[in-house]
Every structure is written in C-alpha cells, then in structure tokens.
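The lines below spell out each chain.
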Amino acid sequence: MSKFMLRMTGIALAAFALSPGAHAQAPIKIGSPLAVTGGASFLGDPELKTLQLYIEKINGEGGVLGRKLELVSYDDGGAPDKAIGFTKRLIEEDKVDIIVGGSTTGATMAMVPLVEKAGIPFISLAGAVVIIEPVKKWVFKTPHTDRMAAEKVFEDMKKRGLTKIGLLSENSGFGQSGKKEALAVAGKYGIQIVAEEMYGPKDADVTTQLTKIKNTAGVQAIFVFGFGSGPAVVTKNIGQLGITLPHYESHGVASEEYIKLSGKAAEGVRLPAAALLVAEVLPNSDPQKPVVMGYSKTYKDRYKQDVSTFGGHAYDGLMIAVAAFKRAGSTDPAKVRDAIEQTRGFIGTGGVVNMSATDHMGLDLSAFRMLEIRNGTWTLAK
Amino acid sequence: MLSQTLQYLFSGLTNGAIYALSALGFSLIYNASGVINFAQGEFIMLGGVAAVLLTSAGVPLPLAILLAVLMVAVVGLLLEKFAIEPAGDADVVSLIIITIGASIFLQGVAQVVFGKGQRALAPFTGDAPIVIAGASLLPQSLWMIGTGAVIVLVLAWFFGRTRLGKAMLATAHNRLAARLVGINTRHVLALSFVISAALGAIAGVVSAPITLTSYDVGIMVGLKGFVAATLGGLGSGVGAVAGGLILGLTEALAAGYISSAYKDAVPFVLIILILFFMPRGLFGARVTERV
C-alpha cells in the first residue's frame, strides 16, 4: 500500500470515529476464523456463506439490541497455527464480542487456550468430543459428535438384534476418530466388534477387507465409518461381492452424492443423519421441520447450492449467540457466556439444544434420524 | 479358502491396473526428457473428469473418450509451451519442481471449474461382476488391464521401430548430441508431454468407473503410479506395468493376510528393499555413469 493510500485510510478512519453517534451505535462484532479454503473448505465455505447471509438478514430486520451485527472473518485454511494468529487478532485488535467459528477440531483446540484466557465466549463449529469434554468455561459447540453417530447406529442394531459386527473404517481423521468412538461405546449397547478392517480414502477396491469381514465367523452386520467417495467404493464392492449382511454407514455419507455414486448397491443401507439433510421427508409434527425447511430454502435461494450440515452448524451457532445477546441484554462477555449456558429448548438445524453447566453442546441422540435408502432416496427407518 | 485368496488377487489386480496405467505416463516422459512429471496424476484426473462432463452433457461414450483424450493432450502441450519451455536449459530438478507447481495449478483450476463433488463414469460394459470360483471381478478391471497391455505394445513399437521414438530416446540420453545429429529437441520435449498427457487421459477415462473422479483424485493415483514406475524401473514400459501390478497385489495380500491397517506400509517396505538391492528398479536399464 502506498503512503498516500495509508494516509487516506487514516483520514477516513478518523472521520468515521469522529462522526456523531458512531460510538453509541457501534456494531456487535462477531469474530470468525474459518477454513474457507484448503482441504477443509467443504466446512468453512458453507459456514462463511451462512454467517454472511444471516447477519445481513438480521441487520435488515434491525439488528440485535438496537445495534447492527458485524462479521469479522479470517480464512485459517483449517491450520491450527493460523487459527491462533487470527484469534489473537480478533481478541486484541478487532475486539470482538464473541467468536463463532473454528471449522476443524484442530483449529478449535488451538484457539481454546486463547479464548479461555481472554474470557470471550466461543461457539465452535467443529465435531470432536474433546472440545466440550472436559467442559471449558468459555467454549461451546453446535455440531453433533461422531460418538453420537456411533451410538445411534448401535441403538438401531440392538433394536434389530444384531450384536456381532464388522467395523470397516477409513484411515482418515474422520474415520479414525469415528472408529475410536465406536470401539468406546460398543460395549454400552452390547455390541461385539468381531472384525476390524481399514481402507484408504482413495482406494479403488476394498474387496479384500470386505471378504475378510464376510468370512469372519458369526458376523451379523457391517458398519462403515468414512467420508466422501471412499464409502461409495465400499458400497459398490459390497454389491459386487453379493454381501447381504445389514449395512450401516456413518453420518459422513449423508449426501445425495453417495446415493448417486453407489447406485443400486446403496439400496437398504442405513445411516444416522441430521434432520437438515432430510428436511422433506420429516413428518409435519417434527419440531425441527420448520427450522430446517426455512434454512434450506433461504440458503438455496441465495447461493443455488444444496445445503450441508456444516452451514447448518454455523446457523445454529449464530442464532444461539444472538439469543444469548438478547437474554443478557448486553454484550458483556460474562453475561453472554452465562446466557449461552442457559440455552434451553433452542431448535436448530442440528437438533433441540439444551445446554447446562456440564453440557456445552446440549444435543442428545434425537438430533440424529436413522435413515434407510429405499428406491434411490432417503426414507426414515422404521 | 481358495475363493478368498482369489478375491485378494482380483482386488490387487484392480488396484494394480490403475497404478500401472499411471506409471506408464511417468515412464514415457522420463524416457523422453529425464524429467519426472508430477503433474501426471493431474492428466489422469483431467481425463476422467472431462469424460464424465462430456457424457453427462449427452455425448456418446466413445466420442467422449476421444474428445477427453484430445483435450488433455492439448493441456499437456500448453503445459510444455508455457511452463517447461520458458525454463530453457534449466536442469532436470528445476523442471521437476515446475511440474509440481503445474500439478497444484491444474488441481486448483479443476476445483473451480468442476466443483468439489465426486462423479462416476458409467462402466464400459456393464457392472455385473464376473464370478470365478466364488471370487468376483468387475469387467472394468479387465478393460484397465487390457488397455495397459495395449499401451505397452504400442510404446514398445514406437520407441523401438519409429524414427520419432528413437529421436526421443536419443534426446533423453544426450540432448546436445541429439541436436548435433539434427534432432529438433524442442519438438521432442513438447511431443513427449502431449503423448504422456494423452496416455494419462486414457488411464483416467478407463479407471474413472472404478476410482470415481473428482478434482483431487490425481494426487494418490499419481503418487502410487510414481512408486510403481520406480519399482519397475523408470523408463521401462514393461517395468511400469509390472511395478503397478506388484504394488497392487502386495497391498491386497498384505491387507488380506497381515492387516489392512498396515496395507499401505508393506509395499513401501518392499520398495525400499528392491531399490536397495536393485537401484534402477526391476526392469531399469543398466547404465554406468562415466565420470
């Protein structure tokens, strides 16, 4: 930037600061480090779009506490070191009132010590259980966890009398975290994991692993924990081998793409999914239906893209924050923190949120719906 | 028991065929220029993605394949003209680094143009598996193996029997000497990129029904292809195919009989061993460097 430009910016800033009423009407600042680019951009991109869309909408309706909302967003690319730098900047220079962001668990956990020290409320948009266990005073999160996905699957298996299963997990962060949680909670539901195999996210053929699972004595079902194209390859291979065991997937495949890629091999597959992805098939009596339909429509109208649960997490985070500002009646960090902790019966895209001093996520297994793929589309499993 | 082993072998063949097709592209450019082209995986990705886009736009499959291969060949030419050629007489290491940059660039463009989603190409001859003694193999795997074999034969004929092929070999061996005997080494380098881009595109199209395709599919395929080419001996067509199949089969057998958690590690251990005892790979030329 040239000296001239710097000077002009300085003059403009000074003029803004001196203008009457600028202080009285100072916006409420929402800080948001997100993985907008890079490998985790599928998280950060819809999150940023959602925040921009809804902050614009809320401001159009008069803002919060008579003040406008202002989004201060930085792209951390999912990298923890960058997230640390941007969080420092948000706290010390931008002086934000709350942080809603942290697309990945790595970035979130790197940010935690900073917000705890500074005493700024932080609503994370990342998945892992470690974010809220043990409970951290200033840290909350909106997404459901992979442990809940595993529990939902095991609950359904138990109901169908399936107790001996083969677990096939992807050797990616998502798959391995899921495997760890699945192994941890299996016992609680009386599930015995008799075969345990792994595959790579870009493997073109996993018939070896599937043959091993199929030939394990007593195996009654297959549970695949993976994300993206890997599970589609697994599903096609299950079809190729003619395996007829009940087949469960994780919430990582809850997208139209999975059905399209897997073709008829996906028929009969069961998986837990957030209500947002199956807004249309929810019964009208479902309390989440109006929320998820509203968000889907607003997002699709604006961006001409399908919604993902990730954008939904950002919606939930923003709405919980806004409600907390209103309940607290101010932006005082301590009051806002307490107000977030008192969130009860908030209906978001991720489920019904009931937070408490010991639960900074506030979701239970009802946040997931058990789905079955029938005739190439999602149906609610009976 | 037999059917189980046979299934492991089929699985290894399917993965191995993909690695082999990818390895052939590495070998070709290495033959012609001594450069290891790390954008080879991206040629494969582009071939698959282009074929998927064309068929979904209603172009019949054979025509879509032809167009996809031509388009990627043009990309190969542009890459050589705008990235490799301006580097002039830069040494091989610099050229290799340029190809890494080109790979990142192509991925970025593909991500913006085609989006981040995954697509699948329809199998050429249906997806009803062929069942042999209780083990099953997809017809598309046979297409991949067959394509690999045809490419090896064509390349052997090209480098052994045609003037152009021999000119390419001569250029790779000694660029100055090749120039002295009247070979236009610029054209040779450009041609080698065009051919290996086309080869990559063919590999991409043939494997797309199995690997599925997306902007980032080239990374892993390219990496494994490079490993396979090194294992078989860089510059050897037969070596590339052998290297690919050995890699695929070892992975499958390791997953089947040892543990799928270590399946990626076992082939790499194998490679370290082979390269330790045979530094030029299984089928690599025995060259003595004169000092």
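All values derive from a computational prediction rather than experimental measurement. (Residues numbered from 1 in each chain as written. Chains lettered and ligands numbered in written order. Predicted model: local features only at pLDDT ≥ 70, side-chain atom pairs only at ≥ 80, totals over all residues.)

Observations concerning the overall build of chain B
- When its secondary structure is counted, chain B shows 11 helices and two strands.
- A compact globule built from 291 residues should have a C-alpha radius of gyration of about 19 Å, and chain B, at 19 Å, falls within 12% of that.
- Considering only C-alpha atoms, chain B reaches an extent of 60 × 50 × 35 Å along its principal axes.
- Residue burial in chain B is summarised as follows: out of 291 residues, 51% are buried. (Helix = DSSP H or I, 4+ residues; strand = E, 2+ residues; numbered from the N terminus. Rg over C-alpha atoms; globule rule 2.2 N^0.38 Å. Buried ≥ 20, exposed ≤ 12 C-beta atoms within 10 Å, placed from the backbone.)

Let's talk about the sheet that holds strand β5 (residues 139-141) of chain A
All names here are of chain A.
- Taken in spatial order, the five strands make up an open sheet running β2-β1-β3-β4-β5, and their pairing is parallel. The outermost strands of the open sheet, each flanked by one partner alone, are β2 (69-75) and β5. Averaged over all adjacent pairs, the angle separating strand axes in this sheet is 25°, with direction ignored.
- Relative to strand β3 (residues 98-101), strand β1 (residues 28-34) runs parallel, the two sharing two bridges. (Pairing = 2+ DSSP bridges. Axes fitted to C-alpha atoms, helices over the stretch in contact; angles between N-to-C directions.)

Some words on the nonpolar core
- V72 and A201 of chain B are the most contacted members of the largest nonpolar core, which totals 192 residues.
- Three or more residues apiece are contributed to this core by two domains, here domain 1 (27-145 + 293-364) and domain 2 (147-280 + 367-380) of chain A.
- Once residues within four sequence positions are removed from consideration, A201 of chain B is found in contact with F43, L46, G47, A68, V69, V72 and A73 of chain B. (Core = buried A, V, L, I, M, F, W, Y, C linked by C-beta atoms within 7 Å. Domains from an automatic or database assignment. Contact = placed C-beta atoms within 7 Å.)

Examining the environment of A334 of chain A
All names here are of chain A.
- Mapped onto the secondary structure, A334 falls in helix α12 (residues 333-341).
- Residue classification places A334 among the partly exposed positions, given that 13 C-beta atoms sit within 10 Å.
- In sequence terms A334 and D45 are 289 residues apart; their C-alpha atoms lie 30 Å from each other.

Looking at the packing of helix α2 (residues 40-56) of chain B against helix α3 (residues 61-84) of chain B
Residue and element names in this part refer to chain B.
- Packing of α2 against α3 brings their axes to within 8 Å, and their N-to-C directions diverge by 140°. Comparing the axis directions of α2 and α3 gives the class oblique. Relative to α3, α2 is oriented so that their crossing is right-handed. Residues F43, L46, G47, A50, A51, L54 and T55 of α2 lie in contact with α3, whose contacting residues are L61, A64, I65, L67, A68, V69, M71, V72, V75 and G76.
- Classifying every residue of the contact of α2 with α3 gives 14 nonpolar, three polar and no charged. (Parallel < 35°, antiparallel > 145°, perpendicular 65-115°, else oblique. Left-handed = near helix turned anticlockwise from the far one by under 90°. Nonpolar A, V, L, I, M, F, W, Y, C, P; charged D, E, K, R; others polar.)

Points about the interface of chain B and chain A
- At the interface, 27 residues of chain B touch 22 residues of chain A.
- Breaking the side of chain B that touches chain A down by element, the ones donating at least two residues are α1 (2-33), α8 (185-211), α9 (217-232) and α10 (237-258) of chain B.
- The greatest single-element share of the side of chain B that touches chain A, amounting to eight residues, is contributed by α1 of chain B.
- In terms of residue class, the side of chain B that touches chain A is built from 13 nonpolar, 12 polar and two charged.

Examining the domain arrangement of chain A
Residues and elements named next belong to chain A.
- Domain annotation for chain A reports domain 1 (27-145 + 293-364) and domain 2 (147-280 + 367-380).
- Each of domain 1 and domain 2 has a C-alpha centre, and the two are 30 Å apart.
- Facing 15 residues of domain 1, the contacting portion of domain 2 comprises nine residues.
- Counting only elements with at least two residues in the side of domain 1 that touches domain 2, the list comes to α10 (289-303) and α11 (309-328).
- In terms of residues, the side of domain 1 that touches domain 2 owes the most to one element, α10, which gives three residues.
- Its residues assigned to classes, the side of domain 1 that touches domain 2 comprises six nonpolar, eight polar and one charged.

Overview of the confidence of the model for chain A
All names here are of chain A.
- Considering every residue of chain A, the mean pLDDT works out to 90; 94% of them sit at 70 or more.
- The element-level mean pLDDT for chain A is lowest in helix α1 (residues 3-18), coming to 53, with strand β4 (residues 122-124) highest at 97.
- Across residues 17-23 the pLDDT falls below 50, and counting only partners more than four positions away or on other chains, this stretch makes two contacts in the model. (pLDDT = per-residue confidence, 0-100.)

Looking at α8 of chain B
Residue and element names in this part refer to chain B.
- Helix length check: α8, at 27 residues, gives a terminal C-alpha distance of 36 Å against a target of 39 Å (1.5 Å per residue), a fit within 8%.
- For α8, the principal kink sits at V205 and spans about 30°; a proline, P209, occurs within the next four residues.
- Here α8 lies mainly inside the structure; 21 of its 27 residues are buried. (Expected span 1.5 Å × (residues − 1). Bend = angle between axes of the 7 residues up to and from the residue.)

A few points about the pairing of strand β6 (residues 164-170) of chain A
Residues and elements named next belong to chain A.
- Most of β6 sits out of view: six of its seven residues are buried.
- Two strands pair when backbone bridges link them, and β6 and strand β7 (residues 192-199) are joined in this way by seven bridges, in the parallel orientation. Looking at β7, one finds that L168 is bridged to E197.
- Note that the unit made of β6, helix α6 (residues 173-186) and β7 has a crossover that is right-handed. (Right-handed = clockwise from strand over helix to strand, strands pointing away.)

What to know about the environment of G268 of chain A
Residue and element names in this part refer to chain A.
- As for its placement among the helices and strands, G268 is situated in the loop between α9 (256-262) and β10 (270-274).
- Between the alpha carbons of G268 and R67 there is a distance of 51 Å; along the sequence they are 201 residues apart.
- Apart from the residues within four sequence positions on either side, G268 is in contact with H247, E372 and I373.

Remarks on helix α2 (residues 41-60) of chain A
All names here are of chain A.
- The end-to-end C-alpha distance of α2, which contains 20 residues, comes to 28 Å, matching closely the 28 Å that a straight helix rising 1.5 Å per residue would cover.
- Turning to α2, its buried residues are S41, L43, G44, D45, P46, E47, L48, T50, L51, L53, Y54 and I55.
- Where α2 is buried, its residues touch β1, β2, α10 and α11.
- Just past α2, the residue G62 takes up positive phi, approximately 105°.

Digging into unusual backbone geometry
Residue and element names in this part refer to chain A.
- With an omega of 0°, the peptide bond between E133 and P134 qualifies as cis.
- Along the chain, the position of P134 falls in the loop between β4 and β5.
- Non-glycine residue K304 carries a positive phi angle of around 55°.
- The topology assignment puts K304 in the loop between α10 and α11.
- The exposure class assigned to K304 is exposed, which follows from the 7 C-beta atoms found within 10 Å.
- One non-glycine residue with positive phi stands out, namely N375, at about 50°.
- As for its position among the elements, N375 is in the loop between β13 (368-374) and β14 (377-380).

Regarding the packing of α1 of chain B against helix α5 (residues 139-161) of chain B
Residue and element names in this part refer to chain B.
- Across the interface, α1 lies against α5 with an axial gap of 8 Å and an inter-helix angle of 20°. When the axes of α1 and α5 are compared, the pair comes out roughly parallel. Here α1 runs over α5; the crossing is left-handed. Packed against α1, whose contacting residues are L13, T14, A17, I18, A20, L21, L24, L28 and N31, the element α5 presents S141, M144, I145, T147, G148, I151, L155 and F159 at the interface.
- Looking at the contact of α1 with α5 residue by residue, the classes come out as 12 nonpolar, five polar and no charged.

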